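Each chain is listed here by its residues.
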Amino acid sequence: MDQLSAMRAFVRVVETGNFTRAARTLDMSKTTVTNLVQNLEGHLRAKLLNRTTRQVAVTTEGALYYERAAQFLSDLEELDGSISSSQSQPSGRLRVEMAGAFADLIVIPSLCSFYCSYPQITLDIGVGDRLIDYVAENVDCALRAGTPTDQSLIARKVGEISLRTYVSPGFIQMFGMPEHPRDLEAQFFSVGYLNAQAGRVLPMEFRRGEETLEITPRYAVSVNDSRSYIAAAVSGMGVAQAPQFMARDAVEKGQLVEVLTDWEREPLPLYIVYPRTRHLGNKVRVFVDWLVKLLKESAARDADRPLAKKPQKLKEQFEPTSVAAE
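Model, not experiment: these values are computed from the prediction.

Visitor: Tell me about the overall build of the protein chain, and please be specific about residues and values.
Guide: Looking only at helices and strands, the protein chain features 12 helices and 15 strands. Burial status across the protein chain gives 43% buried among its 326 residues. Working note: accessible area of the protein chain is about 17800 Å², and carbon and sulfur atoms make up 50% of it.

Visitor: Kindly report on the packing of aromatic side chains, identifying the contributing residues and their values.
Guide: In this structure the tally under the stated criterion is 10 aromatic pairs. Aromatic pair Phe206 and Trp263: ring centres 6.5 Å apart, planes at 90°, arrangement edge-to-face. With Phe206 in strand S10 (residues 204–208) and Trp263 in the loop between strand S14 (257–258) and strand S15 (268–275), this pair connects stretches of sequence that are 57 residues apart. Here Phe206 matches Trp263 in class, with each residue buried. Ring pairs connect the aromatic residues Phe114, Tyr118, Phe287 and Trp290, which therefore count as one cluster.

Visitor: Before we move on, could you go through the sheet that holds strand S4 (residues 121–127) and cite the residues and values that matter?
Guide: Taken together, five strands build an open sheet; the order of strands is S4-S3-S5-S15-S6 and the sheet is mixed. Two strands lie at the open edges of the sheet, namely S4 and strand S6 (153–161), each paired on one side alone. The average undirected angle you get between the axes of adjacent strands in this sheet is 25°. Where strand S3 (residues 92–98) meets strand S5 (residues 141–145), two bridges bridge the pair, whose relative direction is parallel.

Visitor: How would you sum up unusual backbone geometry? Please name residues and give values.
Guide: Even without being glycine, Asp27 reaches a positive phi, approximately 60°. Tracing the sequence through the fold places Asp27 in the loop between helix H2 (19–26) and helix H3 (30–44).

Visitor: Mind laying out the pattern of salt bridges, listing which residues take part and the relevant values?
Guide: Evaluation of the coordinates by the stated rule reveals 16 salt bridges. In this structure, the salt-bridge partner of Arg51 is Glu41, at a minimum N-O distance of 3.0 Å. Placement of the pair is Arg51 in strand S1 (residues 49–51) and Glu41 in helix H3, with a sequence separation of 10 residues. Each of Asp104, Asp225 and Arg227 takes part in salt bridges that share partners, so that together they form one network.

Visitor: Can you explain the side chain of Asp183? Please cite residues and give values.
Guide: Locating Asp183 in the fold gives a position in helix H8 (residues 183–186). Despite its burial, Asp183 pairs with no opposite charge, the nearest such side chain being Arg182 at 8.8 Å. With sequence-adjacent residues up to four places away left out, Asp183 is seen in contact with Pro178 and Phe188.

Visitor: Describe the pairing of S10, naming the residues involved and giving the relevant values.
Guide: In this structure, S10 lies alongside strand S11 (residues 211–215), joined through five bridges in antiparallel fashion. Bridged to Met204 within S11 is Ile215. Linkage of S10 to S11, two consecutive antiparallel strands, is achieved through a turn of two residues, within which Gly209 is found at a positive phi near 65°.

Visitor: Give a description of the environment of Gly209 that names residues and reports values.
Guide: If you trace the backbone, Gly209 turns up in the loop between S10 and S11. Residue classification places Gly209 among the exposed positions, given a relative accessible area of 63%. C-alpha of Gly209 to C-alpha of Glu264: the two residues are 55 residues apart in sequence and 9.3 Å apart in space.

Visitor: Outline helix H10 (residues 244–252), supporting the account with residue identities and numerical values.
Guide: The periodicity of an α-helix, 3.6 residues per turn, causes residues three or four places apart in sequence to face the same way. Among the nine residues in H10, seven count as buried, and that is most of the element. Residues Gln244, Phe245, Met246, Ala247, Arg248, Ala250 and Val251 constitute the buried set of H10. One or two residues past the end of H10 sits Gly254, with phi positive at roughly 80°.

Visitor: Give a description of the sheet that holds strand S12 (residues 219–223) that names residues and reports values.
Guide: Ordered in space as S9-S8-S12, the three strands form an open sheet in which the pairing is mixed. Strands at the two margins of the open sheet, each flanked by one partner only, are strand S9 (200–201) and S12. Where strand S8 (residues 190–195) lies against S9, two bridges are found, and the strand directions are antiparallel. In the sheet register, Asn195 faces S9, and the bridge partner there is Arg200. Its contacts with the sheet place helix H9 (residues 226–234) against S8 and S12, and it is angled at close to 170° to S8.

Visitor: Run through the packing of helix H1 (residues 3–16) against H2, naming residues and quoting values.
Guide: Interhelical geometry of H1 versus H2 gives an angle of 125° and a closest axis separation of 8 Å. When the interaxial angle is binned, H1 and H2 end up oblique. Considering the relative orientation of H1 and H2, their crossing is right-handed. Contact residues: H1 offers Arg8, Ala9, Arg12, Val13 and Thr16, while H2 offers Phe19, Arg21, Ala22, Thr25 and Leu26. Per-class residue counts for the contact of H1 with H2 are five nonpolar, two polar and three charged.

Visitor: Summarise helix H5 (residues 100–107); cite the residues concerned and give the values.
Guide: Judged by how many residues are buried, H5 sits mostly within the fold: six of eight residues are covered. What H5 keeps buried is the set Gly100, Ala101, Phe102, Ala103, Ile106 and Val107.

Cut-off values and rules
- Residues numbered from 1 in each chain as written.
- Predicted model: local features only at pLDDT ≥ 70, side-chain atom pairs only at ≥ 80, totals over all residues.
- Heavy atoms only, no water.
- Helix = DSSP H or I, 4+ residues; strand = E, 2+ residues; numbered from the N terminus.
- Buried < 20%, exposed > 50% of the residue type's maximum accessible area, 1.4 Å probe, protein only.
- Areas by Shrake-Rupley, 256 points an atom, 1.4 Å probe, with all protein chains shown as cover.
- Phe/Tyr/Trp six-rings, centres within 6.5 Å; stacked < 30°, edge-to-face > 60°.
- Pairing = 2+ DSSP bridges.
- Axes fitted to C-alpha atoms, helices over the stretch in contact; angles between N-to-C directions.
- Salt bridge = Lys/Arg side-chain N within 4 Å of Asp/Glu carboxyl O.
- Lys, Arg positive; Asp, Glu negative; His and termini not counted.
- Contact = heavy atoms within 4.5 Å.
- Parallel < 35°, antiparallel > 145°, perpendicular 65-115°, else oblique.
- Left-handed = near helix turned anticlockwise from the far one by under 90°.
- Nonpolar A, V, L, I, M, F, W, Y, C, P; charged D, E, K, R; others polar.

Limitation: the analysis is restricted to geometry and does not speak to function.
Structure follows, in structure tokens:
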């Protein structure tokens, strides 16, 4: 019996919840995975799984064996990676999750440079902000904005996002320009960003010197996707507080202008997160190092290319329209 293969098969069955998904992630047939687990149970003289037509349940002995086997396989992969990294190029399939804005605007446009450096790594990029079962879905790592709260994940800070406040020229011509963040509560509509996990529209935050404000925006529309958020602001649906790298293109095209420029917001931290059951293998490590460099270059482009116009110039350029009295 190939005990190492049998251990890998058993661990994947536990993590994915059934033999079919485990076989798919291991690129094996379901019959092969079933036989490996049965051989492992015979070798150990213990029942590790209770099988029914609908589900697979781990026995008490199976749960104990899984914890040690998963850690052993993780340690073995880390050991192999530490030795082979000096001998050969990192290789294998790498499953990464990230929000669509990061994928479309930062990562994917630069992927050719990563592939040229690491041609033996195959990247599977999942796009979205959904909740992930990292173990069951075999996700190696994810890029996430905001401080992680899930204690089952290990998080490494890899950068920060600069956020600014924007509105379309058409909105200013129609409704005027906000002079103070409090105007967004009493006078102007904003575009709401709906946090699907929290089930609410996120507040806007502002800081000027020692003064800090948290504004609950008035909105006519809210969205739960960052690209749709920018699109709604461009269409004139309200004021938006968005990452600078996301608004860069719309500002350069004249579709958005920055407002409330004497107020700022604390940068949003960026983290790479991965399950505690996995070490950062060599293929993950080189991708994270590449990503850190890429994020720094994106931040430097924003810093070298200020997008804001002076408030006085904005006032002169965009005068609110008025209806003449008959």
